[in-house]
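Okay, here's what each chain looks like letter by letter:
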Number of protein chains: 2
Amino acid sequence: MNSLIESIPNFSEGRRQDVIDRIVEAVRKTPGLAVLDLSSDQNHNRSVLTLAGTPAGLHEGMLALYAACIESIDLTRHSGEHPRLGAVDVAPFVPIRGATMKDCVELARALAAEVSKRHALPVFLYEEAASNEERKNLANIRKGEFEGLGEKMKDAKWAPDFGPSSPHPTAGATVIGAREPLVAYNINLGTNSLEIADKISKSIRHLSGGLRFVKAMGVRLEDRGQVQVSINMTNYRKTPLHRVFEMVKGEAERYGVSVVGSEIVGLVPSEALQAAADFYLRLENFTPEQVLENRLAAAAASE
Amino acid sequence: MNSLIESIPNFSEGRRQDVIDRIVEAVRKTPGLAVLDLSSDQNHNRSVLTLAGTPAGLHEGMLALYAACIESIDLTRHSGEHPRLGAVDVAPFVPIRGATMKDCVELARALAAEVSKRHALPVFLYEEAASNEERKNLANIRKGEFEGLGEKMKDAKWAPDFGPSSPHPTAGATVIGAREPLVAYNINLGTNSLEIADKISKSIRHLSGGLRFVKAMGVRLEDRGQVQVSINMTNYRKTPLHRVFEMVKGEAERYGVSVVGSEIVGLVPSEALQAAADFYLRLENFTPEQVLENRLAAAAASE
C-alpha cells in the first residue's frame, strides 16, 4: 500500500485573496498530492492548508509553497492576532496510512534542509522532529515572534536546526516537524457556568493530572447561553474520543450538569470515529480491514 | 465524484480451487473494478465475491463472471448445503457512493438483458429491481432450486424477466437485482439459554413486530457456552446499528442477562460505524465531509 502523509502548513496571509489563491494554486498543481482543505482567517491574517499525499508529492508541493509564500509575504508589514515567526509559520507532517512517524520525521528533515538552502531561511524542527526537549513545544520556539527573532537568535541556544543563524529579512524563520494527527473536539454542557467548564477541563487535561494526550479549557458559548469544554486531542489513538467524552460526562454529573452535545472541528480520521463505535457497540475482533472504504483504498493503492 | 457501486455475486463453486481462481481472475482483470473480498464455503459449495467499481466496470466484470461460471459449473453435478438456482446464483448491485438505487436497478436490467442474450439464460430480477411484489424476496424465486426449476417455469407466473422460458441445461437460471447494503451483525449474550436469544430476536425483528430493517434469530455458540442474536441489517441507514444494540441490551436486561459483545461479519460501510459514534458521542452538526478519508476520496475522484 502506498504510504499517505498529511501536512498542514500555516502561512501568514489571511486577507489578500489573490495572494492566497496564488499560493494554493502553486501547491495544487504538484503531482502526488491533494488539497483537502483551506481555511483563512482575516483576524489572524493567517491561512491553514490541509494537504495529503505521497512523501515525494508533499516534498515538491511544500517547496512550491515556500517559494510562493516567501515571494509574496513580507513579515515586516504583517499584523494579525495569531502569533507567528515567519511567512510559512509552521508545517507539520502527520502519518495517515502506511506511513510511520519516522517517515514523517525524515520528510521534515529533508524539507528543512532544502528550504533553508534555497531561500537562506532559518528552520527550527519541532514536536517529534525536535532536536531537544525545549523545541518540542511550538510555543517555546515562537515566543518573541517575528519581531523578536533577530535578538532571540543571537543566543546560541536558539541557533536554527538548518540554515543561517539570523532571520530572513522578510520571511523570518519557519518551524517544520512531525506529529500525530490532532483532533479538535469540544463538549457542550447544559449550564452557563464557566467555572464548571473550567473545573471539568482541569480534571481531564494532562497538564493538571488528567489524560495523557488531552489539552482542555473552558469556553463560553455566548449565543447559546452555555459553556464548552474545548479540547485538543493530541493522540486520539492512545487517548480516544469516547474516553474523554465519558470522563467529561461523569465529571459533569457530579455538578448536576448534563452533556448536551459534542462537536468535531475540522477533519477527523475515520479511525477515530470507528474506535468510538467499537467501544460503545462492544465489538469483538473488529479490524479496520472490515471497513468497506479501507478495502477500497487498499485495492486502489495496490493497482 | 465518480459513482461507485458494489456487487456481491454468489456462484455455485466452493470446492474446486482451480475453478474458483479462474473465475475470480476473469473478473479481476476487468478495468474499472476492484475485487474486495472472496469467501468460499466447502459445505455450501458456493463462493461469494465482493466487487466495487464504476457502472461500466461492473457491467463488463459481471459479463466476464457469467461467461467463466457458465463454462465451468454444471448444476446437474452440483451438491451443497446452500439453496441455489444456477451457476451464478444471485448478483445484487448496491449503491455505495455518488450512486442511487435507480442507477443500480438500471445496471441490473442492462446486465440481465445482455447475459440472457449471450448465454440463453433465464434471468429473474429481485429486490428493488423486481417486476412484482412476490419476486422482491429471493427465497420465493429460489424455492424448488435448480432441480425443480424446469417444472416451476412451466407455470406462466414464473416466466423469467429476461431470456428463455426454460432453464439453461447446466447453468439453470440466475437472479439479478439491486438492494441497500446489508450488514451482518451479531450480538452475543452472557447466557447459554437459546430461549432467551430467540425471545430477544423476536422482539427486535420486523417479521414479529420489531424494527423495520432487521432480520434476526437466536443461535447457539457451542464453543463459548453462550448464545447470540444473529442479525441481518437490511438498511443500516434507516435502522442503525446502535438502535439495534441498545434495544437488544434493554431486552436482555429484562432477563437479567448482559450483552458481552457484538460482531460485524464481513464488510461494513464506514458510514454505519460513524453513525454509532455520532449517536453515542452526541455529535452536533457532524457531516461525512469532516472525515479525512472522505475528503481524500473526493479529491481523488475529482482529479
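Keep in mind that what you see is a predicted model, and the values were worked out from it rather than measured.

Participant: Break down the sheet that holds strand 8 (residues 183–189) of chain A for me, with residues and values.
Facilitator: Residues and elements named next belong to chain A. Strand order in the open sheet made by the four strands is 9-10-8-11, with antiparallel pairing throughout. Since the sheet does not close on itself, it has two edges, and those belong to strand 9 (214–221) and strand 11 (259–265), each with one partner. Neighbour to neighbour, the strand axes of the sheet diverge by 20° on average, direction disregarded. As paired strands, strand 8 and strand 10 (residues 226–233) are joined by seven bridges and run antiparallel to one another. Residue pairing for strand 10: Tyr-185 is matched across the bridge by Ile-231. With respect to the sheet, helix 7 (residues 241–254) is in contact with strand 8, strand 9, strand 10 and strand 11, its orientation differing from that of strand 8 by roughly 25°.

Participant: Explain the domain arrangement of chain A residue by residue, including any values.
Facilitator: In terms of domain boundaries, chain A breaks down into domain 1 (4–178) and domain 2 (183–294). For domain 1 of chain A versus domain 2 of chain A, the separation of C-alpha centres amounts to 29 Å.

Participant: I'd like a description of the environment of B:Ser201, backed by residues and values.
Facilitator: Residue and element names in this part refer to chain B. In this fold, Ser-201 is placed in helix 6 (residues 194–204). By the C-beta count within 10 Å, which is 26 here, Ser-201 ends up buried. Measuring from C-alpha to C-alpha, the distance between Ser-201 and Gln-228 comes to 9.2 Å, with 27 residues separating the pair along the chain. With sequence-adjacent residues up to four places away left out, Ser-201 is seen in contact with Ala-216, Met-217, Gly-218 and Val-229.

Participant: Report on the packing of helix 1 (residues 17–28) of chain B against helix 2 (residues 55–72) of chain B, specifying residues and quantitative values.
Facilitator: In a pair of packed helices, the angle between the axes and the distance between the axes together describe the arrangement. All names here are of chain B. Packing of helix 1 against helix 2 brings their axes to within 8 Å, and their N-to-C directions diverge by 155°. As summarised for this structure, helix 1 and helix 2 are arranged roughly antiparallel, according to the angle between their axes. For the pair helix 1 and helix 2, the crossing hand works out as right-handed. For the pair formed by helix 1 and helix 2, the contact residues are Val-19, Arg-22, Ile-23, Ala-26 and Val-27 on the first element and Gly-61, Ala-64, Leu-65, Ala-68, Cys-69 and Ser-72 on the second. Taken together, the residues that form the contact of helix 1 with helix 2 break down as eight nonpolar, two polar and one charged.

Definitions and cut-offs
- Residues numbered from 1 in each chain as written.
- Chains lettered and ligands numbered in written order.
- Predicted model: local features only at pLDDT ≥ 70, side-chain atom pairs only at ≥ 80, totals over all residues.
- Pairing = 2+ DSSP bridges.
- Helix = DSSP H or I, 4+ residues; strand = E, 2+ residues; numbered from the N terminus.
- Axes fitted to C-alpha atoms, helices over the stretch in contact; angles between N-to-C directions.
- Contact = placed C-beta atoms within 7 Å.
- Domains from an automatic or database assignment.
- Buried ≥ 20, exposed ≤ 12 C-beta atoms within 10 Å, placed from the backbone.
- Parallel < 35°, antiparallel > 145°, perpendicular 65-115°, else oblique.
- Left-handed = near helix turned anticlockwise from the far one by under 90°.
- Nonpolar A, V, L, I, M, F, W, Y, C, P; charged D, E, K, R; others polar.

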